[in-house]
Each structure stands twice: as C-alpha cells, then as structure tokens.
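Residue-level listing of the chains:
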Amino acid sequence: YIDGEDSKLWGSKAVERLREAVQRDFSKDMVNWENSSSYHLFNFDLFVAIEKTLLNKFNDSLGTDFQKLIDKGIDYMVYLSKPDLYFPTIGDGSKFSISSIKSHTSYKYVKNHEKLKYVLSNGEEGKAPDELCKVYPDEGYAFFRNSWDYKNKKEITYASFVAGYKIKNHKHGDDLSFTLFSKGKDIFVDCGTFTYQAGDYRRHFMSSLAHNTVIVDGGSYPFIQGDPAKIGIIDFGEKTEYS
C-alpha cells in the first residue's frame, strides 16, 4: 500500500504475515490462545481494526471467512462474561467487562451482533444465546449458567472451568480450576494477574495455590514446563440434571 517499485510485493507479504498471525494467535473458534480473559479482547480488537479500518479499504482481507471468525470471537466473549458483564480473571486477566468493548475500535463493526446486543442491553435488545453450557475443548474452557434471563440477573448462577492450554503466554497453574457467581455476587474468584513483577508474589499468584483447584501434597505443579498435549478437556456432556 506504499507507492514504489516493490510496493505490491511488500503489501502482499504484510497481509500474508497478518493472516499467519491470526492462525497463530487464535483458535478455529476465534478464541485467543494467550490464556487470559482480558487479552482476548485486546487481541480481538486489534485484528478487527486491521481488517475493517485498513485492509477492507484496500479491497483486501484477513480471509474470506474472517467475518465468521469475528462473530465467533464475540460469541466467546458473551459466554465468557458473567451476569454482571465482567470476565472471570482467568490467567493474567484483569477486572474487565464485556461492556468495555464500546470504547474499542472494533465496537462499531460488531455492535449489531445479536448476542452482544442482548447482554449489553440487559435483555432489552438482540437475542439471548441458546446454550446454557458452552464448552471449548480445544482451548480448555467451559462456561455454565442456569439461565440467560438478564431481566432477572440475581436468579442466574454462572460458573467457569479451565483445563488446558496451547501456548505458555500468561499461563497460570489453574488447570481444573473454577469460578462461581450467583445471586448477583462473586462466590469463588480467580486471582488474575496481581503483578507482573518477578518475585514471591508473582510465583504465588501463578501457582495452583492461588486458584480454586486440586492441590497435591500442598504444592503446585510445573505448568510452564508441562506438555500442553497432556492437559485438556477430553470429554463433556449434558443431562437433564447436570452438565
């Protein structure tokens, strides 16, 4: 996109690298691999902005199916968000709300997504999601709730579950961990980042001891050195009484 002898070559190489970056950073369901609830929104917003404000203006794209990926990325944020609209602070997550997407570049391009409209309007607009149990087995996430009735939020119970990862970025010792939200309040929470500064606090908040999970012999486990292929959600199902 720069006038010059090799501009077309440079442009095609740049777009090729961006497409590779999408495949590197996101799953097939457009879930960011960085093991963090808030990083998903940051990275999602970046690529949507590149697609809509740059590439599309030059009749180019990150892929013919990228709009479908955008919709999937929003779906994930909807299922991730608690009834109070905040994300559970998974991994190096921070206290972030799905409503903050309104201040991001991507919002003008996704604001008509029916499920997003529903949660942001407290059920006044859009369409409620169909699934009470949403599992992302490849990414290692599962989200549960008893209702999508956002006009009666205090009757909603929500839980998240984590098991698995693909890359080590922002990974904590949180496999088999859960969070729980009910009656309008957090009951069990994840610790989130707390600090990036190396030291005892950082080591503790990354360890299993700072998460709602199984502890063996009072210690954590080598989650950074482990083999991602050996950790994950291998099966799931739903019954009338439970998921």
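How each quantity is defined
Residues numbered from 1 in each chain as written. Predicted model: local features only at pLDDT ≥ 70, side-chain atom pairs only at ≥ 80, totals over all residues. Heavy atoms only, no water. Salt bridge = Lys/Arg side-chain N within 4 Å of Asp/Glu carboxyl O. Helix = DSSP H or I, 4+ residues; strand = E, 2+ residues; numbered from the N terminus. Buried < 20%, exposed > 50% of the residue type's maximum accessible area, 1.4 Å probe, protein only. 1 Å grid on protein atoms, 1.4 Å probe; cavity = no way out; pocket = protein on both sides within 12 Å on 5 of 7 lines; lining within 4 Å. Points joined across faces, edges and corners; volume = space filled by probe spheres on them. Phe/Tyr/Trp six-rings, centres within 6.5 Å; stacked < 30°, edge-to-face > 60°. Lys NZ or Arg CZ within 6 Å of the ring centre and 35° of its normal. Pairing = 2+ DSSP bridges. Axes fitted to C-alpha atoms, helices over the stretch in contact; angles between N-to-C directions. Patch = residues over 30% accessible without salt bridge, like charges linked within 9 Å, V, L, I, M, F, W, Y side chains within 5 Å. Areas by Shrake-Rupley, 256 points an atom, 1.4 Å probe, with all protein chains shown as cover. Expected span 1.5 Å × (residues − 1).

(A) Highlighting the pattern of salt bridges. Following the criterion strictly, the structure yields 16 salt bridges and no others. In this structure, Asp-92 engages Arg-202 in a salt bridge whose closest nitrogen and oxygen atoms are separated by 2.9 Å. Of this pair, Asp-92 sits in the loop between helix H3 (66-80) and helix H4 (107-110) while Arg-202 sits in helix H6 (residues 200-206), and the two are 110 residues apart along the sequence. The two residues Asp-92 and Arg-202 agree in class, both being buried.

(B) Representation of empty space enclosed by the protein in the model. Counted under the stated rule, the structure contains 1 cavity of 30 Å³ or more. Contributing to the lining of the largest cavity are Asn-35, Ile-90, Tyr-141, Val-162, Gly-164, His-170, Lys-171, His-172 and Asp-174.

(C) Looking closely at the packing of aromatic side chains. This model, assessed by the stated rule, comprises 15 aromatic pairs. With a centroid separation of 6.4 Å and 70° between ring planes, the pair formed by Tyr-136 and Phe-143 is classed as edge-to-face. The buried category is assigned to Phe-143, whose relative accessible area is 2%. Among the aromatic residues, those joined into a ring-pair cluster are Tyr-76, Tyr-136, Tyr-141 and Phe-143. Above the face of the Tyr-136 ring, Lys-134 is positioned so that its terminal group lies 5.5 Å from the ring centre.

(D) Up close: the sheet that holds strand E5 (residues 185-188). On the basis of which strands lie adjacent, the open sheet formed by 5 strands has the order E1-E2-E3-E4-E5 and antiparallel pairing. Each having just a single partner strand, strand E1 (133-136) and E5 make up the two edges of the open sheet. Ignoring strand direction, the axes of neighbouring strands in this sheet form an average angle of 15°. In this structure, strand E2 (residues 141-145) lies alongside strand E3 (residues 157-162), joined through 5 bridges in antiparallel fashion. Looking across to E3, one finds that Arg-145 is bridged to Tyr-158.

(E) How the structure looks around a nonpolar patch on the surface. Nonpolar side chains collect at one region of the surface, where Leu-176, Val-214 and Val-216 lie side by side and expose about 290 Å² of accessible area between them. By the secondary structure assignment, Leu-176 is in the loop between E3 and strand E4 (177-182).

(F) Structural detail: H3. Between its first and last C-alpha, H3 extends 21 Å over 15 residues, near the 21 Å set by a 1.5 Å rise per residue. With 11 of its 15 residues buried, H3 lies for the most part within the structure. When H3 is considered as a whole, its buried residues turn out to be Phe-66, Leu-69, Ile-70, Gly-73, Ile-74, Asp-75, Tyr-76, Met-77, Val-78, Tyr-79 and Leu-80.

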